[in-house]
Amino acid sequence: MAGATIAVNIVSTERPVWSGQAKQVVVPAYSGGMGILPGHEPVLSVIKEGRLDITDPEGKKCSFEVTGGFISFDSNKLTVVVENARSIAYQSEAAEQSGIVG
Amino acid sequence: MVSHTHISHPIVKRGDGNPNVAVLALTADRGMAGAYTSSIIRETEDLLARLENDGKKPQLFVYGRRGVSYYHYRNRPLEQSWEGDTEKPGVEVADAISRALLDAYMKPSDKGGVSELYIVYTEFINMVVQKVRVLRMLPVEVIEEDKSHLNVPDTTTAPDVRPLYSFEPSLDEVLNTVLPRYVRSRIHECLFEAAASEVACRQNAMHTATENARDLINDLTRKLNASRQASITQELTEIIGSADALNKRKSRNAKWLRTRLQRLLMRPRSQSSVM
């Protein structure tokens, strides 16, 4: 699936938070961080409070602080449904290393 | 998700013959909305009567101040009520309502739990048409694969072949997370529909009231003019009549009469038109 992307859609209870294409998404799944690449098997997973990282097709990253919810992934479409989501600015590499949650 | 797994979560299936059912009526906080609240209450009463005929014991939940005061005035016990947000229902109130109702639903029947939940709300079709609807919210009906399911708000609508999902950490855990949220968002949707209908109803009612007031003003102005005209005519007739009578004898008082006539005709016309 080289070159393929995932259509990501993040919604919170109040509003749509973010949507767009991504190369890779890391979600704070129930049993630890779960990386999702294009072509991942269909999955419906509970997620817990933590940080969600999105790598867009240009390699840029953006992150969201999310509270509990679930994700649904199939046919390269990822839907993230959470209580609350807050965008956090991309910090330095070091800060990112130490800031990994879940 | 539905097509591959046999789901036995209580939100989806319930068959313990518990006669207690919950009814949630969505009314308005404020009046001046025409028949909005009264048609909801009428439909609720119909539903309650129907449920009682079926041997069920309905418990009443009311949202909106008008509905609450209606039932308080009639000394009807309310299980729970919410007020103050009907025009702008936020997530919090949807959350509070769905939590209370799910709590009641998940409780065993001997502790006052309910086996079904009905919502009476007003569906917003457009600014002119709103329709009162009764929705059976719980238990959630699982709709089997069917061509007509496309316009049903199902939890999963994957095109063509439905993918085989894997569940993390387990099916039950996922359902425990997803289904309450599903219920909450459906309730929130109903609240939004109700709020939109309420605003539309109120606008229609205000529009009708304005038109009615305008008609009244026109009507009353016309009546005022007519009566003023009538009184002037009457007075003129009297003066002319008496002047004629006097003239026949002598024009002694002719000068006095002329001044009186002039004064009458010069009288300022008060409030001849409001519009």
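Numbers given to residues run from 1 along each chain, matching the order in which its sequence is written. Following the order in which they are written, the chains are lettered starting with A and the ligands numbered starting with 1. Given that this is a predicted model, residues contribute local features only at a pLDDT of at least 70 and side-chain atom pairs are listed and counted only at 80 or more, while totals for whole chains, interfaces and linings are drawn from all residues. Side-chain figures throughout are based on the complete set of non-hydrogen atoms in the structure, without hydrogens or water.

- Labelled according to an unreviewed UniProt entry, chain B appears under the name F0F1 ATP synthase subunit gamma, originating from Bifidobacterium canis.
- UniProt positions are given in the numbering used here, feature names are shortened, and annotations may be inferred rather than shown by experiment. Under the UniProt heading Sequence similarities (unreviewed entry), the entry covering chain B gives this text: "Belongs to the ATPase gamma chain family."
- Listed in UniProt under the heading Subcellular location (unreviewed entry), the comment for chain B reads: "Membrane".

- You'll find chain A entered in an unreviewed UniProt entry as ATP synthase epsilon chain, with Bifidobacterium canis given as the organism.
- If you open the UniProt record of chain A and go to Function (unreviewed entry), you find "Produces ATP from ADP in the presence of a proton gradient across the membrane."
- Note on chain A: under the UniProt heading Sequence similarities (unreviewed entry), the record states "Belongs to the ATPase epsilon chain family."

### Overview of the interface of chain A and chain B
- Tallying the contact residues gives 19 residues for chain A and 16 residues for chain B.
- Of the roughly 1500 Å² buried between chain A and chain B, counting both surfaces, carbon and sulfur atoms make up 61%.
- Salt bridge, as used here, is a side-chain nitrogen of Lys or Arg placed within 4 Å of a carboxyl oxygen of Asp or Glu. Scanning the region where chain A abuts chain B turns up two salt bridges.
- Counting of polar contacts relies on pairs of N or O atoms within 3.5 Å, with two restrictions inside protein: one atom must be capable of donating a hydrogen and the other of accepting it, and residues adjacent in sequence are counted only when both atoms are side-chain atoms. The interface formed by chain A and chain B includes seven residue pairs in polar contact (both at pLDDT 80 or more).
- Put simply, the parts of the chain that give the side of chain A that touches chain B at least two residues each are strand E5 (43-47) and strand E8 (69-74) of chain A.
- Secondary structure is summarised from DSSP: a helix means a run of H or I of at least four residues, a strand means a run of E of at least two, and numbering begins at the N terminus for each. Looking at which element gives the most residues to the side of chain A that touches chain B, the answer is E8 of chain A, with five residues. Any two residues whose heavy atoms approach within 4.5 Å are treated as being in contact. For any pair of parts, buried area is found by adding up, for both, the accessible area (1.4 Å probe) each one loses once the two are put together.

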